Number of protein chains: 2
Amino acid sequence: MIWQTIFLGVVFQLIFVFGGSNNNNNNYEKNVYIWPMPESVHYGNKTLILSKDFNLKTDGTKYKDESGILRDGFTRLLDVVTLNNVVEYNVGKVDPSVLLHGIHVVVLSEGDELQYGVDESYKLYINSKGNNPNYAHIEAATVYGALHALQTFSQLCHFNLNTRKLVVSQIPISITDRPRFSYRGLLIDTSRHYQSLPMIKKVIDSMAYAKLNVLHWHIVDHQSFPLEIPSFPKLWNGAYSRPERYTVAAAAEIVSYAQRRGINVLAELDVPGHARSWGIGYPALWPSKTCREPLDVSNDFTFKLINGILSDFSKIFKYRFVHLGGDEVDTTCWTLSPRIRKWMKQKGLNESSAYEYFVLKAQKIALSHGYEVINWEETFNHFGDKLDRKTVVHNWLGGGVAEQVVKAGLRCIVSNQDKWYLDHLDTEWQEFYMNEPLTNITKPEQQKLVLGGEVCAWGEHIDASDLESTIWPRAAAAAERLWTQYDKLAKDPNEATSRISNFRCLLNQRGVAAAPLDMPGRGAPDGPGSCYLQ
Amino acid sequence: MIWQTIFLGVVFQLIFVFGGSNNNNNNYEKNVYIWPMPESVHYGNKTLILSKDFNLKTDGTKYKDESGILRDGFTRLLDVVTLNNVVEYNVGKVDPSVLLHGIHVVVLSEGDELQYGVDESYKLYINSKGNNPNYAHIEAATVYGALHALQTFSQLCHFNLNTRKLVVSQIPISITDRPRFSYRGLLIDTSRHYQSLPMIKKVIDSMAYAKLNVLHWHIVDHQSFPLEIPSFPKLWNGAYSRPERYTVAAAAEIVSYAQRRGINVLAELDVPGHARSWGIGYPALWPSKTCREPLDVSNDFTFKLINGILSDFSKIFKYRFVHLGGDEVDTTCWTLSPRIRKWMKQKGLNESSAYEYFVLKAQKIALSHGYEVINWEETFNHFGDKLDRKTVVHNWLGGGVAEQVVKAGLRCIVSNQDKWYLDHLDTEWQEFYMNEPLTNITKPEQQKLVLGGEVCAWGEHIDASDLESTIWPRAAAAAERLWTQYDKLAKDPNEATSRISNFRCLLNQRGVAAAPLDMPGRGAPDGPGSCYLQ
């Protein structure tokens, strides 16, 4: 069935990629091969050839690009469109009137601070005959909108087998675009398996292709503590090995690399439940030598250490939010430890209220460092009314949570595990696509409280060998759900099959190990065949 | 059991990578973490720091490097050792006497033609205190030996967490090295699944890390014909789709990219049995519309076309050898076609002798274009005495073939499928490691006829998503078997576990999706853990 659907999709696609003419502007989605789908696309049926000296023009921009973010983005555009093609400029004569000489980018704001809610909108248009020389035009409120426009432009480029040149077809084309949600995340987990800098950078590159904008870095957990914390230098004794560590400089490099691609890094400190590895360096954090989780709630040192970590975090991770975890807290060890049991009794706390005490105290520390706090949903489920009012509740256990969170006036990020956990290999891309963050949330003021959503690649069975193939192409399905305006989303995911298939093949052509669409997560192809049909 | 073995290995490794001192020169293999193992390594226990201006010096070299092969190799060395580390030159003071300022490379020959049998040997030595400034020294007969030396050097470099600098330890060190076999191949199959240029280039990069030197490009087969053939421009109509094609310029780019890394590309034309896709463009090649394989033996056009392809090949693929396949030929369609049946009768041929006729005729065409021919072993098994005396027989069906081939005076490449097929996921790295090409071949003149061996990544279930993880780390096990002198090979593969584990983690650190060692081929890790223990 899926085979047939894809095949039909591919027929459309073949018409597009391979040079048919399309001028049905009323039903344009069928012939638009951009992922995620922009807010609005209008196009014609002419083709332009990218000139040999294709260049970036910025006349009239307010943005000075002193840090080179735009210039580097343009260079990456040139790299990415030529990666899988050898352009032959010496072949054939080219009519100068069909040359596109470059892109004229106008950014309306001077600054380039990347923060939650930064304006990511853009306009992109290419006339069939503009001024001579002809340039594509991008207009964006910020450089990050302009980067999205360059990503869109890269998807309009094709290698023409006849001319041996790169072309943009469907000219004139006019695109208006902006994200539906401001938080479009992907979680990677470097505690269960260390991921090297090149692997993380590759993930960031591919996130930018899909217009995801938050790398949720679940850095440390029960199993290992790979990050250097200058304030408490023994913490990374909890790393798996010496090479499986991140120095502060390496973490800062990741943050900078992401930021230059319009992606914020959300750092997580999953306390108190997922922190056994912390005690390798500081055993006082363990309730006892034999009962090592959660972190000792009775010990001032625990909070002094969290304060130190968050102080160090605040120098590296400049995103407005920090993630403080709070999930899956089994408090048995607190009662089993005579010391902690005694402390709880003195404070009049039971295990449940001690858990609340811990989470709220950690929140206050984070707030003191200028962060707003994200917590996993258990904190809301247990004591939602006590959470700081700026708390963002991160759903994961299942559907239906977001509506309760926003009803309570708190903000929410959606990651229900039945649909948006990438390590659930049996969840297919269609389910990722159809997972709607605003399900049953109809009031505009409540809808605004849903910041967005995130797909999660928990690392128990993910190392460098399967990271990309576990993420892609399923994360792309969620990326469209999070980027594309609701009325432009496919109501039946199969309507999007040929377009997401095209995107997965594009990832392959760019060297990304995106897996077949018609298999469970990261499944190998079940036989020979075209990328576009698998 | 494997866990225990690895763990013991890792203890040694920890001592090495993490800065213990090693001065046991008599039993050096235990403390040498180079893959594949060089012919000879002598080392001390000092450490040098790579200076900020680490540079390439070539005083006294005969090689002019006009094409920049050495210079680019040196740049790649700098890239690869810094990929996973952020060096902090502003941290701490460095004693100038422990600085290593660069590498002094002396290449003894002027030319840089890469051919079968090119001298790949090298010497690499680093004194603890050389002249001031101190340089590492590489001496090689050819630039390709020098590239191998740079790969070895890259494996000696480590990031030191205390100094935040790159260091080489075990100084003074002196390495003499050369390959055991001149043919050390990896087959990729772009007919069952197209592989993009970036994916193929990544494979080439990682081959160079393991000192493999032949990319056997099984370009076309039954399923698709992705390559442009200017002489017969309809052949690539047999591609899966328009984007899933290689232009001549793209193929030349692959060849050049490989050659600049010391890797030859062996192109294959698998005739007459694996060629159904050829008839999409030229249906006359099919025995009939309903019976489409093997190629029509009775039609002069078939051989005219093979001649055209090989003529075009000879302009791109400059390796001494071309692979003409010849395996798995089911000749039933020849008899079923009245035209071919009639022709065979006229010629006095039966199906078997017509197969021989085809293979020998194709061989002659290849020879006329200056190629020596490699054929799969069925050709030898059926009519070995008729094959051109320069034929190289490519074993695949099982063990024991090489000894028959060399007894018959022909040359051989070993790829027995029970041990060296990467798509056989149940074949573990230890079996790859222990597969000995010279089994039962004791006479020196017969040993010389074994050119080497090759691991094969047949593409039925391999696309961009699992190419790297199917190849690595198991191909590395074969790579050591093919590179390392026999007496330096581990007699029990478990003696090599910690070293190959180190190499697989090195691949991960370089962004290569090498899979866990302790799982079947490309298996995901079965739980959280350190790369060095999985």
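All values reported here derive from a predicted model rather than from experimental measurement. (Residues numbered from 1 in each chain as written. Chains lettered and ligands numbered in written order. Predicted model: local features only at pLDDT ≥ 70, side-chain atom pairs only at ≥ 80, totals over all residues. Heavy atoms only, no water.)

*Asks:* Can you help me understand the sheet that holds strand β12 (residues 392-394) of chain B in this one?
*Replies:* Adjacent strands of a sheet form backbone hydrogen bonds with each other and so pair up, either parallel or antiparallel. All names here are of chain B. In spatial order, the strands read β9-β8-β7-β14-β13-β12-β11-β10; together these eight strands make up an open sheet with parallel pairing. Looking along the sheet, the strands with just one partner apiece sit at the ends: β9 (264-267) and β10 (321-323). Strand-to-strand twist of the sheet, defined as the mean angle between neighbouring strand axes without regard to direction, takes the value 30 degrees. Alignment of strand β11 (residues 372-376) against β12, held across three bridges, turns out to be parallel. Looking across to β12, one finds that N375 is bridged to V393. Across the sheet, helix α17 (residues 474-483) touches β7 (183-189) and β14 (450-457), and the angle it forms with β14 is around 175 degrees. (Pairing = 2+ DSSP bridges. Helix = DSSP H or I, 4+ residues; strand = E, 2+ residues; numbered from the N terminus. Axes fitted to C-alpha atoms, helices over the stretch in contact; angles between N-to-C directions. Contact = heavy atoms within 4.5 Å.)

*Asks:* What should I look at first to understand helix α9 (residues 338-347) of chain A in this one?
*Replies:* Residue and element names in this part refer to chain A. Within α9 the residues assigned to the buried category are I340, W343 and M344. Considered in projection along α9, the buried side chains sweep an arc of 100 degrees and stay on one side of the axis. Along α9, exposed side chains directed more than 90 degrees from the buried face belong to P338, K342, K345 and Q346. Looking at the buried residues of α9, the elements they touch are α8 (332-336) and α10 (351-368). Looking one or two residues past α9, G348 carries a phi angle of roughly 70 degrees, positive in sign. (Buried < 20%, exposed > 50% of the residue type's maximum accessible area, 1.4 Å probe, protein only. Arc of directions from axis to C-beta.)

*Asks:* Would you mind going over the state of the cysteines with me for this structure?
*Replies:* Note on terminology: disulfide describes a covalent bond linking the sulfur atoms of two cysteines. Residue and element names in this part refer to chain A. Across all of its chains, the model carries four disulfides over all chains by this definition. Covalent S-S linkage joins C505 and C531, the inter-sulfur distance amounting to 2.1 Å. On the sign convention where negative is left-handed, the bridge of C505 and C531, at about -115 degrees about the S-S bond, is left-handed. You can see C505 sitting in helix α18 (residues 497-509) and its partner C531 sitting in the segment after α18, a full 26 residues away along the chain. One exposure class covers both C505 and C531, and it is buried. Going through chain A in sequence order and numbering each bonded cysteine, the pairs you get are 1-2, 3-4. Between C412, a free cysteine, and C456, which holds the nearest cysteine sulfur, the sulfur-to-sulfur gap is 12 Å. (Disulfide = S-S within 2.5 Å.)

*Asks:* Explain the pairing of β9 of chain B to me, please; I cannot follow it from the model alone.
*Replies:* Across a regular strand the side chains alternate sides, sitting on one face of the sheet and then on the other. Residue and element names in this part refer to chain B. Going residue by residue along β9, you find N264 and L266 tucked away on one face and V265 and A267 tucked away on the opposite face as well. As defined by bridge partners, strand β8 (residues 214-218) adjoins β9 across four bridges and the pair is classed as parallel. Bridged to V214 within β9 is N264. Note on the crossover from β8 through helix α5 (residues 248-259) to β9: the handedness is right-handed. (Right-handed = clockwise from strand over helix to strand, strands pointing away.)

*Asks:* What am I meant to see in the domain arrangement of chain A here?
*Replies:* Many analyses report the size of an interface as the accessible area lost when the parts associate. All names here are of chain A. One can read the domain layout of chain A as domain 1 (19-177) and domain 2 (183-489 + 513-533). Computed from C-alpha coordinates alone, the two centres of domain 1 and domain 2 are separated by 35 Å. Taken residue by residue, the interface counts 26 residues in domain 1 and 27 residues in domain 2. Taken together, the two surfaces of domain 1 and domain 2 that pack against each other cover about 2,400 Å², and 50% of this comes from carbon and sulfur. Where domain 1 packs against domain 2, one counts two salt bridges. A salt bridge links R260 to D72; its shortest N-O distance comes to 2.8 Å. On the surface where domain 1 and domain 2 come into contact, there are 13 residue pairs in polar contact (both at pLDDT 80 or more). (Domains from an automatic or database assignment. Buried area = accessible area lost by both parts, 1.4 Å probe. Salt bridge = Lys/Arg side-chain N within 4 Å of Asp/Glu carboxyl O. Polar contact = N/O pair within 3.5 Å; in protein donor to acceptor, adjacent residues only side chain to side chain.)

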